[in-house]
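The residues making up each chain are set out below.
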Amino acid sequence: MPIAVVRAEKFYMPPPREPANSWDQVPAAERVFKWIEYRMERRVLPPAGSVDQTYFARINQNRWIADCICGSAQVVSPSDPRYGCTECGWGWCALIFPADAAAVEAPLMSLPPYLRNWWHADDPRNPNAPIVGIVR
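Since the structure is predicted, the reported quantities are computational estimates derived from the model, not experimental observations. (Residues numbered from 1 in each chain as written. Predicted model: local features only at pLDDT ≥ 70, side-chain atom pairs only at ≥ 80, totals over all residues. Heavy atoms only, no water.)

The next point concerns the nonpolar core. A general trend in soluble globular proteins is that nonpolar side chains are found buried together. The biggest cluster of nonpolar side chains holds 17 residues, and the ones touching the most others in it are Ile59, Trp64, Val76, Tyr83, Leu95, Phe97 and Trp118. Contributions of two or more residues to this core are made by strand 3 (63–67), strand 6 (92–96) and helix 3 (101–105). In contact with tryptophan 118, other than residues within four places in its own chain, are Ala57, Arg58, Ile59, Trp64, Pro98, Val104 and Leu108. Residues Trp23, Phe33, Ile36 and Ile65 belong to the second largest nonpolar core, which totals 14 residues. (Core = buried A, V, L, I, M, F, W, Y, C linked by side-chain atoms within 4.5 Å. Buried < 20%, exposed > 50% of the residue type's maximum accessible area, 1.4 Å probe, protein only. Helix = DSSP H or I, 4+ residues; strand = E, 2+ residues; numbered from the N terminus. Contact = heavy atoms within 4.5 Å.)

Between its first and last C-alpha atoms helix 2 (residues 28–40) spans 19 Å; for 13 residues at 1.5 Å apiece the expected length is 18 Å, and the two agree. For helix 2, the elements touching its buried residues are helix 1 (8–11), strand 4 (73–75), strand 5 (82–83) and strand 6. Directly after helix 2, the chain includes glutamate 41, whose backbone phi takes a positive value near 55 degrees. (Expected span 1.5 Å × (residues − 1).)

So, about the sheet that holds strand 4. Sheets are built from strands paired through backbone hydrogen bonds, the pairs being either parallel or antiparallel. Pairing is antiparallel in the open sheet, where three strands are placed in the order 2-3-4. Since the sheet does not close on itself, it has two edges, and those belong to strand 2 (58–60) and strand 4, each with one partner. Ignoring strand direction, the axes of neighbouring strands in this sheet form an average angle of 50 degrees. For strand 2 and strand 3, the ladder comprises three bridges, and the chain directions are antiparallel. Bridging across to strand 3, arginine 58 finds its partner in isoleucine 65. (Pairing = 2+ DSSP bridges. Axes fitted to C-alpha atoms, helices over the stretch in contact; angles between N-to-C directions.)

So, on to the state of the cysteines. Disulfide: a covalent bond formed between the sulfur atoms of two cysteine residues. Taken as a whole and judged by the stated rule, the model has zero disulfides. The closest cysteine sulfur to the non-disulfide-bonded cysteine 68 is located on cysteine 88, 3.6 Å from its own sulfur. For cysteine 68, a relative accessible area of 8% translates into the label buried. (Disulfide = S-S within 2.5 Å.)

Here we take up the pairing of strand 3. With respect to burial, strand 3 is a largely interior element, four of its five residues being buried. Where strand 2 hands over to strand 3, the hairpin turn is made up of two residues, of which glutamine 61 adopts a positive phi near 45 degrees. Across three bridges, the pairing between strand 3 and strand 4 is antiparallel. Residue pairing across strands places aspartate 67 opposite alanine 73, the latter belonging to strand 4.

Next up, the structure:
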């Protein structure tokens, strides 16, 4: 059975000394803050507010990720389409996922995990987007 595309719920897990289900009630977008606290041994607070911007989620080497304006990135999940940066503190912003994330993941399963990449067609940073205005 192929390895599933990784989402925040499966990437940001509690420390081994805690029960594996101890973070089950923590929303996917907030798990990274708990994980950073555990891994980096420093207090990291989630953003206090939201920002009026949206970002596109993408699949990068078998992980759903979102990129921050500061250059950082985090594993994200369609189950909680928000992003807040643990590096620069950028507030909660909305993430755009495909309407059916599982349908996007399905054709990627035939590829090795390191080749599983996908960009939303409307993402202006999509390197595969057609170049508008060029006539061949």
